[in-house]
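Commentary on secondary and tertiary structure
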Protein chains: 2
Amino acid sequence: MKIGVFDSGFGGLTVLRELLRVVPDATYLYLGDTARLPYGSKSAATVARYAVSSSRFLLERGAQFLVIACNTATALALDEIKQAASVPVIGVVEPGASAAAAITRTGNVDVIGTPATVASHAYAKSLQSKGIEAVEKACPLVEEGWIDHPVTEQVARICLEELQLFGPLAHVERERRPDVLLLGCTHYPLLEPLLRRLLPKEISLVDSAASTAQVVAKELRDSEQPTSKLGTPEIRFFATDSVEKFRALGERFLGKRIEKVELISLPE
Amino acid sequence: MKIGVFDSGFGGLTVLRELLRVVPDATYLYLGDTARLPYGSKSAATVARYAVSSSRFLLERGAQFLVIACNTATALALDEIKQAASVPVIGVVEPGASAAAAITRTGNVDVIGTPATVASHAYAKSLQSKGIEAVEKACPLVEEGWIDHPVTEQVARICLEELQLFGPLAHVERERRPDVLLLGCTHYPLLEPLLRRLLPKEISLVDSAASTAQVVAKELRDSEQPTSKLGTPEIRFFATDSVEKFRALGERFLGKRIEKVELISLPE
């Protein structure tokens, strides 16, 4: 079984990391469309064009299953990708929303994501269909590689403060009582230690990486797809911009060494 | 005279605004490669590929003069663009450095720019050739459209603090005494009121928009290029992503109404 995993950059590697745990006996193709990132501030039409050309690349390389490990691409272009693909396609929004719905006790979930993801209301719609009320908030992403920068902490503080999950209003009694913060961008898991430090302890953090991997594992079991019985998973990494940068930054998201990245170019 | 002005996004409109003042009797083609922005965190090879394809578009539309109104593209790809163009090409780095060199009295200039611009040391090299010592600092850009967001002020505070131009160390006596902050990204002019508020009053702010426009005007005079004697300049705007967003954001950079933007796609 050859699984294609696609993201605009590095965040999708958090999904790949979970996939390697629950579906270790597969071959993986990971594509980061780093030359055209970020997707999160671009229009639906442009995101769809980029996501479809990226998906086509993975299909041409033999992917038998596609994981759209990018919230923006899932929120804005899942239908277009499915139309372009003849194999099963799984995005991260539905599994993430399901995980949040399973955890919340108050029925109120806060979601942070890119401007494009939030504008699409993909999370709010999915959560609403499960009886959960969601408040979505666009959080600006500072450029890749600034994960440890003091700016990033300031951005996080301001976003959480606007959601009244941090700062003077965080502990004020309110009617709406969210108890889950859903990380609607695969970048955010790297900020979990920081977010955890800022958030009240009654707020659970949920990201879609683990739940997406579980959904993929279940689909493969249900369809009884044969998976190659390799000792260790085989992974090929592709990027559209600097392979050195991909390796350096990517290792932080994947949590393990990346030996080789192949530079590719995609059609417009 | 048809002048092509190119930027990865909207920042170059600050250069166009100045051009309209000093060379009003020309026709302008402005291209914002908004689908692929930002350039500032990408590799030199990718920036060069994007900048050359953008420049080719302007040349095909009849541009007789090219203004690279993007610091990153100028710093990383000016030579490649010149090679691909048969018309005069002016970037923003040299005019910006000249303007800073003309103003500094201490001979010390601080430069803020994108990670890619700073890594290229284009400004430090240019300033050094004029006998000026420069300290360069990469400042993360938050996503387009967050100009008024509190995050942007925090980013600015942190960057200026790291340069010791703001905060507890800003007024400590030091051997090196920069008196100019050179805005090495065409986005920053929109932040001038904010930066001015944070900076000690003895620090001058310099951006390359006005000086680049002056250099273009001089080149046109020197080459005695005929300029069309129109009453008002004719401008056509092109963008590779959402034209609605271009119009909304672009008007803030240009300082005037943008009636029409044409959506185009560029080859990889």
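Residue indices begin from 1 for each chain and proceed along its sequence in written order. Key to labels: chains lettered from A, ligands numbered from 1, both in the order written. The predicted origin of the model limits local features to residues at a pLDDT of at least 70 and limits the giving and counting of side-chain atom pairs to 80 or more, whereas totals for whole chains, interfaces and linings rest on all residues. The side-chain quantities take in all heavy atoms of the structure and omit both hydrogens and water.

**Re the interface of chain A and chain B**
If you look at the interface, chain A gives 34 residues, while chain B gives 34 residues. Buried area: the accessible surface (1.4 Å probe) lost by two parts on joining, summed over both. Taking both sides of the interface into account, the surface hidden between chain A and chain B amounts to around 2,700 Å²; carbon and sulfur atoms contribute 58%. One speaks of a salt bridge when a side-chain nitrogen belonging to Lys or Arg is within 4 Å of a carboxyl oxygen belonging to Asp or Glu. At the boundary of chain A with chain B, the tally comes to zero salt bridges. Under this definition, polar contacts are N or O atom pairs within 3.5 Å; protein pairs additionally need one hydrogen-donor-capable and one acceptor-capable atom, and for neighbouring residues in sequence, both atoms have to be side-chain atoms. Linking chain A to chain B there are twelve residue pairs in polar contact (both at pLDDT 80 or more). Any pair of residues with heavy atoms lying within 4.5 Å of one another is described as a contacting pair.

**A short note on helix 3 (residues 71–84) of chain A**
Residues and elements named next belong to chain A. In DSSP terms, a helix is any run of H or I states spanning at least four residues, a strand is any run of E spanning at least two, and both are numbered starting from the N terminus. The length a helix should cover is 1.5 Å for every residue beyond the first. With 14 residues, helix 3 should reach 20 Å at 1.5 Å per residue; the first-to-last C-alpha distance of 18 Å fits that figure. Roughly 80° is the biggest bend found in helix 3, and it falls at A77. Only protein chains enter the calculation, and the probe is 1.4 Å; a residue is then buried if its accessible area is under 20% of its type maximum, exposed if over 50%, and partly exposed in between. Inspection of helix 3 places N71, T72, A73, T74, L76, A77, L78 and I81 among the buried residues, and these make up the whole buried set. Bend at a given residue is defined as the angle between two axes, one fitted to the seven residues that end at that position and one fitted to the seven that begin there.

**Observations concerning the confidence of the model for chain A**
Here chain A shows a mean pLDDT of 92. Residues at 70 or above account for 95%. As scored by the predictor, the complex reaches a pTM of 0.90 and an ipTM of 0.84. In predicted models, pLDDT denotes the confidence assigned by the predictor to each residue on a 0 to 100 scale.

**Points about the relation of the copies chain A and chain B**
Taken as rigid bodies, chain A and chain B are interconverted by a rotation of 180° and an axial shift of 0.0 Å, the fit giving an RMSD of 0.0 Å. Overall, the copies show the geometry of a two-fold rotation axis. In this assembly the copies share their binding face: 100% of the residues contributing to the interface of chain A also contribute to that of chain B. The least-squares superposition of copies is restricted to C-alpha atoms, and to residues with a pLDDT of at least 70 in both copies.

**Here's the deal with the nonpolar core**
By nonpolar core we mean a set of buried residues, namely Ala, Val, Leu, Ile, Met, Phe, Trp, Tyr and Cys, connected to one another through side-chain atoms within 4.5 Å. Formed by 114 residues in total, the largest nonpolar core has its most connected members in I3, L13 and L181 of chain A together with I3, L13 and L181 of chain B. Sequence-distant contacts of I3 of chain B, defined by excluding residues within four places in its chain, comprise V23, A26, T27, Y28, L29, F65, V67, V216 and L220 of chain B.

**Observations concerning the state of the cysteines**
Residues and elements named next belong to chain A. Count a disulfide wherever a pair of cysteine sulfur atoms falls within 2.5 Å. In total, this model carries two disulfides over all chains according to the counting rule given. Between the sulfur atoms of C139 and its disulfide mate C159 the distance is 2.1 Å. Taken together, the positions of C139 in the loop between strand 6 (133–138) and helix 7 (150–162) and C159 in helix 7 put the pair 20 residues apart, joining distant regions of the chain. Each member of the pair, C139 as well as C159, carries the same accessibility label: buried. Here C70 stays free of any disulfide, with the sulfur of C185 as its closest cysteine sulfur at 7.3 Å.

**A closer look at the sheet that holds strand 8 (residues 204–207) of chain A**
Backbone hydrogen bonds hold the strands of a sheet together, and the pairing may be parallel or antiparallel. All names here are of chain A. Criterion used throughout: strands pair if DSSP finds at least two bridges between them. Taken together, the four strands give an open sheet; going across it, the order is 6-5-7-8, and neighbouring strands pair in parallel fashion. Edge strands, defined here as strands with exactly one partner in the open sheet, are strand 6 and strand 8. When strand polarity is set aside, the average angle formed by the axes of neighbouring strands in this sheet is 25°. As defined by bridge partners, strand 5 (residues 108–113) adjoins strand 7 (residues 180–184) across five bridges and the pair is classed as parallel. Looking across to strand 7, one finds that G113 is bridged to G184. To get an axis, a line is fitted to the C-alpha atoms, and for a helix only the part in contact is used. The angle between two axes follows their N-to-C directions and goes from 0 to 180 degrees.

**Looking at the pattern of salt bridges**
Scanning all chains against the criterion turns up 26 salt bridges over all chains. We note a salt bridge from K218 of chain A to D222 of chain A, for which the minimum N-O separation is 2.7 Å. Here D222 of chain A and K218 of chain A lie together in helix 9 (residues 208–222), a separation of four residues that amounts to about one turn. The class of K218 of chain A is partly exposed, set by a relative accessible area of 44%. Residue classification places D222 of chain A among the exposed residues on the basis of a relative accessible area of 53%. A salt bridge links R157 of chain B to E153 of chain B; the shortest N-O distance between them is 2.9 Å. Note that R157 of chain B and E153 of chain B are positioned in helix 7 (residues 150–162) at a spacing of four residues, about one turn of the helix.

**Some words on the packing of aromatic side chains**
Ring geometry is summarised as follows: Phe, Tyr and Trp rings, the Trp one being its six-membered ring, pair when their centres sit within 6.5 Å, and such pairs are stacked at plane angles under 30 degrees, edge-to-face over 60 and tilted between the two. Scanning the model with the defined rule gives 16 aromatic pairs over all chains in all. Relative to F246 of chain B, the ring of F237 of chain B has its centre 6.1 Å away and its plane inclined at 50°; by these criteria the two rings are tilted. The class of F246 of chain B is buried, set by a relative accessible area of 0%. The rings of F10, Y30, F237, F246 and F253 of chain A are connected pair by pair, giving a single aromatic cluster. Only lysine NZ and arginine CZ atoms are considered, and such an atom sits over a ring when it is within 6 Å of the ring centre and within 35 degrees of the ring normal. In this arrangement the basic side chain of R36 of chain A is found over the ring face of Y50 of chain A, its NZ or CZ atom lying 4.0 Å from the centre.

**Comments concerning the environment of T34 of chain A**
Along the polypeptide, T34 of chain A turns up in the loop between strand 2 (27–32) and helix 2 (44–60). Using a relative accessible area of 5% as the deciding quantity, one classes T34 of chain A as buried. T34 of chain A sits 209 residues away from V243 of chain A along the chain, and the two C-alpha atoms are 9.4 Å apart. With sequence-adjacent residues up to four places away left out, T34 of chain A is seen in contact with S8, G9, F10, A239, T240, D241 and F246 of chain A together with K42 of chain B. Of the polar contacts made by the side chain of T34 of chain A, one reaches the backbone nitrogen of D241 of chain A; its length is 2.8 Å.

**Re unusual backbone geometry**
Residue and element names in this part refer to chain A. Residue P38 is bonded to the preceding L37 through a cis peptide linkage, with omega at -10°. With respect to the helices and strands, the residue P38 is situated in the loop between strand 2 and helix 2. Phi angles above zero are rare outside glycine, and H121 is one such case at about 55°. Its place among the elements puts H121 in the loop between helix 5 (115–120) and helix 6 (122–128).

**Quick notes on the sheet that holds strand 7 (residues 180–184) of chain B**
Residue and element names in this part refer to chain B. Across the sheet, which stays open at both edges, the four strands sit in the order 6-5-7-8 with parallel pairing between neighbours. Bordering the open sheet on either side are strand 6 (133–138) and strand 8 (204–207), each of which pairs with just one other strand. Strand-to-strand twist across the sheet, computed as the mean angle between neighbouring axes with direction ignored, equals 25°.

**Looking at the environment of A69 of chain A**
Residue and element names in this part refer to chain A. Mapped onto the elements of the fold, A69 is located in the loop between strand 3 (65–68) and helix 3. C-alpha separation for the pair A69 and A213, spaced 144 residues apart in sequence, amounts to 9.9 Å. Residues in contact with A69, not counting those within four places in the same chain, are V5, F6, D7, G12, V15, V92 and T186.

**Focus: helix 10 (residues 243–254) of chain A**
Residues and elements named next belong to chain A. Buried within helix 10 are the following residues: V243, F246, L249, G250, F253 and L254. Within helix 10, the buried residues cover an arc of 135° as seen down the axis, which keeps them to one side. Away from its buried face by more than 90 degrees, helix 10 exposes E244 and A248. Against helix 1 (13–22), strand 2, strand 9 (234–239) and strand 10 (261–263) lie the buried residues of helix 10. It is the directions from the helix axis to the C-beta atoms whose arc is reported.

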